[in-house]
Amino acid sequence: MKELISYLKSLIVEAGELLLSQTVSVSKHKTANDLLTENDLLIERFLIDGVKGKFPSVNIVSEETAADNALQSVSVVIDPIDGTCNYAVGTDRFGVQAAIFDGEECVASMLYFPVQKELVTAEKGKGAFLGEKRLAVDTAKRSGDGVLLISDYYSGQDVPMEKQFALVQALQTTFLKTRHLGAACVDFVSLARGQAVAYICHYHHIWDIAPGLLAATESGCVYAHLSGGEYRYGEPALVVANSEETLKKILKTYEKL
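Residues numbered from 1 in each chain as written. Predicted model: local features only at pLDDT ≥ 70, side-chain atom pairs only at ≥ 80, totals over all residues. Heavy atoms only, no water.

What follows deals with the overall build of the protein. Across its full length, the protein holds 7 helices and 14 strands. Taking the principal axes of its C-alpha atoms as reference, the protein extends roughly 50 × 40 × 30 Å. Per-residue burial for the protein yields a buried fraction of 51% across its 257 residues. Carbon and sulfur atoms provide 48% of the accessible area of the protein, an area that totals close to 11,500 Å². (Helix = DSSP H or I, 4+ residues; strand = E, 2+ residues; numbered from the N terminus. Buried < 20%, exposed > 50% of the residue type's maximum accessible area, 1.4 Å probe, protein only. Areas by Shrake-Rupley, 256 points an atom, 1.4 Å probe, with all protein chains shown as cover.)

Any two aromatic rings considered together are summarised by their centre-to-centre distance and by the angle between their planes. All chains considered together, the criterion is met by 8 aromatic pairs. Arranged with centres 5.1 Å apart and planes meeting at 65°, the rings of tyrosine 87 and phenylalanine 94 form a pair that is edge-to-face. There is no split in this pair, since tyrosine 87 and phenylalanine 94 are both buried. Ring plane angle 75° and centroid distance 4.5 Å describe the contact between tyrosine 153 and phenylalanine 165, whose orientation is recorded as edge-to-face. With tyrosine 153 in the loop between β10 (147–150) and α4 (161–171) and phenylalanine 165 in helix α4, this residue pair connects regions lying 12 residues apart in the sequence. Judged by its relative accessible area of 42%, phenylalanine 165 falls in the partly exposed class. (Phe/Tyr/Trp six-rings, centres within 6.5 Å; stacked < 30°, edge-to-face > 60°.)

Take the packing of helix α5 (residues 184–192) against helix α6 (residues 206–218) next. At a closest axis distance of 8 Å, the pairing of α5 and α6 adopts a crossing angle of 10°. The pairing of α5 with α6 is recorded here as roughly parallel in orientation. Here Ala184, Phe188 and Ala192 of α5 lie close against α6, whose contacting residues are Asp208, Ile209, Gly212, Leu213, Ala215 and Ala216. Residues of the contact of α5 with α6, tallied by class, amount to 7 nonpolar, 1 polar and 1 charged. (Axes fitted to C-alpha atoms, helices over the stretch in contact; angles between N-to-C directions. Parallel < 35°, antiparallel > 145°, perpendicular 65-115°, else oblique. Contact = heavy atoms within 4.5 Å. Nonpolar A, V, L, I, M, F, W, Y, C, P; charged D, E, K, R; others polar.)

With that out of the way, let us pick up the sheet that holds strand β6 (residues 105–113). Pairing in this open sheet of 7 strands is mixed, and the strands run β3-β4-β5-β6-β7-β8-β9 from one edge to the other. Every other strand in the sheet has two partners, leaving β3 (59–62) and β9 (133–135) as the edge strands with one partner each. Each adjacent strand pair in this sheet contributes to an overall mean axis angle of 20°, direction not counted. Relative to strand β7 (residues 118–123), β6 is paired through 6 bridges, and the arrangement is antiparallel. The residue of β7 that forms the bridge with alanine 108 is glutamate 123. This element, helix α1 (residues 2–20), spans β4 (74–82), β5 (95–102), β6 and β7 of the sheet and lies at about 160° to β5. Contacts from α5 reach β4, β5, β6, β7 and β9 within the one sheet, and its direction differs from that of β6 by about 100°. (Pairing = 2+ DSSP bridges.)

The next thing to look at is the packing of α1 against helix α2 (residues 38–54). Closest axis-to-axis distance for the α1/α2 pair is 10 Å, and the angle between their directions is 155°. Between α1 and α2, the interaxial angle falls into the category roughly antiparallel. In this structure, α1 crosses over α2, and the sense of that crossing is right-handed. Listed contacts from α2 to Glu3, Tyr7, Leu8, Leu11, Ile12, Glu14, Ala15, Leu18 and Leu19 of α1 are Asn39, Leu42, Ile43, Phe46, Leu47, Gly50, Val51 and Lys54. (Left-handed = near helix turned anticlockwise from the far one by under 90°.)

Turning to empty space enclosed by the protein, a few remarks are in order. Tallied over the entire structure, the rule returns 1 cavity of 30 Å³ or more. Residue lining of the largest cavity: Val137, Asp138, Lys141, Gly194, Ala196, Val197 and Asn242, and that is the complete set. Looking at the lining of the largest cavity residue by residue, the class counts come to 3 nonpolar, 2 polar and 2 charged. (1 Å grid on protein atoms, 1.4 Å probe; cavity = no way out; pocket = protein on both sides within 12 Å on 5 of 7 lines; lining within 4 Å. Points joined across faces, edges and corners; volume = space filled by probe spheres on them.)

This part covers unusual backbone geometry. Backbone phi values are negative for most residues with the exception of glycine, while trans is the configuration of most peptide bonds. For serine 73, which is not glycine, the phi torsion reads 50° and is therefore positive. By the secondary structure assignment, serine 73 is in the loop between β3 and β4. Overall, the relative accessible area of 58% leaves serine 73 in the exposed class. A positive phi is found at alanine 237, a non-glycine position, where the angle reads about 65°. Tracing the chain through its elements places alanine 237 in the loop between β13 (222–225) and β14 (238–241). According to the relative accessible area criterion, alanine 237 is buried, its value standing at 1%.

Interpretation note: all reported values are geometric properties and have no functional meaning in isolation.
See the structure below:
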């Protein structure tokens, strides 16, 4: 496992640099609100070939070509470009990310932001790091002094879209500001770096969630399903916060809607 973690950290950086060397070419609309670029496929193939070439027995779960694979034994979960729409329109809020699972437990993750040349890594029980700097959230920071991050809104989820909007409206006076950054990797790392105090996430795919959630929790964040119950991979309506106090404010607000 140690060798796989070390290798994937290096491979993620290589993939990010490869991505920067390419021109943007949109292949198609995956959905009405999501794009697929040729480089999503290029970077995914680069990462899969890299992992399989050195660790042929490792199971792969990846967004574009192996989305239906289940976790089994040791798995690498890949998101070749997280924030594809941001990338496609020329903003810098995107990254390349992956997570390593031992069975159904996420044990390591790595998120690389090519434009910023920043690598964030996390290991279960060992902390989260930006380069060599350990990340730790300020658990004493109050919601009124911090930023609430919101993922994209989605219809057909556990929480009806009108209720997603209503929750944000109800929280306006609880937080200093709300922000939509458009990429789960950016949102989770913003939490881990202390640039935000909470994140309401309606994304639900494991490749969107697992890498950043481990970084956030290893930096000291707490999380729950929006209903207040235990969150499981594959579910939407994830809430992550810098403290139990902040988390409870969001959950109680949602409960009253």
